[in-house]
Amino acid sequence: MSKTESHKLGLLWASSTEHQDISQLAYLSREALSRGGRVFLYLIDDGVSAVGSDVVQGLRREGIHVFCCAYGARKRGIPWDDKATFGGLTILADMLSNCDSFVAFTPLQVSTTNYMTRKNTRHTIVRISSDPAQVHFPAEAVRIAAGLQPWMDAPVNVLLEGPATRIFSADATDLVDGKNFTDHLLSILTWDHPIYVGPSAIPVKGADRWGKHLKFLKTRGVQELIGQARNVLSF
């Protein structure tokens, strides 16, 4: 098998097709297939709503492997059927660990594999900068980070910026999907590496109780952390 034929492309789709154009994902998938590569697509969060779309089902018929977050599908009343392989974050962890390249389509940005890192460096950052008082993305990001780390050999680092530090507020359960914070944040706090906080993060009353688990970075520190990562998932 040639190098091109063995190339594995991982794709993460975490957006509603009503708010983000899926055509770029379709283009990348077909381009990889045309070069003899293998393509793996994981639908998560609002992205699970695309599982039955003409685009995703067309790509599946063309040969890409379609996976769908079972939790996200159940939450949105989407049946587990033969339109995809439904499963948990172990699938996404496997893709991040083993795909040669990875492209994440999230509501905040499209990010690609950092090829400046060594191929065997699978360090992943879950970067959270949206407001948990307004949208559910931070809660989903915390759930994803907590679910990925047990299945990955390399660290999964959480980086908080802007209003994302509100997840540490004393009344976090009142935030959007706040149950995810109580369910999964405590798991993250048991890791042997800290949660990183960028310089744009807003001060939050009650955050001091998590002090020993936090590492505050300046702008250069954030740049270095991201520069050392293989993949960045932004929420």
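Residues numbered from 1 in each chain as written. Predicted model: local features only at pLDDT ≥ 70, side-chain atom pairs only at ≥ 80, totals over all residues. Heavy atoms only, no water.

In contact at an axis separation of 9 Å, helix 5 (residues 137–148) and helix 6 (residues 179–188) are set at 40° when each is read in the N-to-C sense. Here helix 6 runs oblique to helix 5, going by the angle between their axes. In the crossing of helix 5 with helix 6, the sense of the turn from one axis to the other is left-handed. Mapping the contact onto sequence places Pro 138, Ala 139, Glu 140, Val 142, Arg 143, Ala 145 and Ala 146 in helix 5 and Asn 180, Phe 181, His 184, Leu 185, Ser 187 and Ile 188 in helix 6. Broken down by class, the residue content of the contact of helix 5 with helix 6 amounts to 8 nonpolar, 3 polar and 2 charged. (Axes fitted to C-alpha atoms, helices over the stretch in contact; angles between N-to-C directions. Helix = DSSP H or I, 4+ residues; strand = E, 2+ residues; numbered from the N terminus. Parallel < 35°, antiparallel > 145°, perpendicular 65-115°, else oblique. Left-handed = near helix turned anticlockwise from the far one by under 90°. Contact = heavy atoms within 4.5 Å. Nonpolar A, V, L, I, M, F, W, Y, C, P; charged D, E, K, R; others polar.)

Okay, the packing of helix 1 (residues 23–34) against helix 2 (residues 54–62) next. In the contact formed by helix 1 and helix 2, the axes pass within 11 Å of each other and the chain directions differ by 5°. Relative to helix 2, the element helix 1 is oriented roughly parallel. For the pair formed by helix 1 and helix 2, the contact residues are Leu 25, Ala 26, Ser 29, Arg 30 and Leu 33 on the first element and Val 55, Leu 59 and Glu 62 on the second. Of the residues in the contact of helix 1 with helix 2, the class split is 5 nonpolar, 1 polar and 2 charged.

The next subject is helix 5. In a regular helix each residue adds 1.5 Å, so 12 residues correspond to 16 Å; helix 5 covers 16 Å between its end C-alpha atoms and thus fits that length. Counting buried positions along helix 5 yields 12 of 12 residues, so the element is predominantly enclosed. (Expected span 1.5 Å × (residues − 1). Buried < 20%, exposed > 50% of the residue type's maximum accessible area, 1.4 Å probe, protein only.)

What follows covers unusual backbone geometry. In this model, Asp 45 sits at a positive phi of 55°, which is unusual for a non-glycine residue. Examined against the element boundaries, Asp 45 turns out to sit in the loop between strand 2 (38–43) and helix 2. We classify Asp 45 as buried; its relative accessible area is 2%. For Asp 177, which is not glycine, the phi torsion reads 55° and is therefore positive. Residue placement: Asp 177 occurs in the loop between strand 8 (156–160) and helix 6.

Right, let's get into the sheet that holds strand 3 (residues 65–69). On the basis of which strands lie adjacent, the open sheet formed by 6 strands has the order 4-3-2-1-5-6 and mixed pairing. The two strands at the open ends of the sheet, each matched to only one other strand, are strand 4 (85–87) and strand 6 (110–112). Each strand of the sheet is rotated relative to its neighbour by a mean of 20°, with strand direction disregarded. The pairing of strand 3 with strand 4 spans 3 bridges and is parallel. By the bridge assignment, Cys 69 is partnered in strand 4 with Gly 87. Along the sheet face, helix 4 (residues 89–98) touches strand 1 (8–13), strand 2, strand 3, strand 4 and strand 5 (101–105) and points at about 140° away from the line of strand 2. (Pairing = 2+ DSSP bridges.)

This paragraph deals with the nonpolar core. With 74 residues, the main nonpolar core has Tyr 42, Leu 92 and Leu 148 as its most contacted residues. The dominant element in this core, judged by the number of residues it contributes, is helix 5, at 8 residues. Dropping the residues within four chain positions of it, Leu 148 is found in contact with Leu 89, Leu 92, Ala 93, Leu 96, Val 156 and Leu 233. Judged by nonpolar contacts, the second largest core, of 8 residues, contains Ile 125, Leu 159, Val 222 and Ala 229. (Core = buried A, V, L, I, M, F, W, Y, C linked by side-chain atoms within 4.5 Å.)

Every buried residue of helix 6 is accounted for by Asn 180, Phe 181, Leu 185 and Ile 188. The arc that holds every buried residue of helix 6, seen down its axis, measures 85°, which confines them to one face. In this structure, the buried side of helix 6 is in contact with helix 3 (70–75), helix 5, strand 8 and strand 9 (195–197). (Arc of directions from axis to C-beta.)

The values are spatial; any link to function lies outside them.
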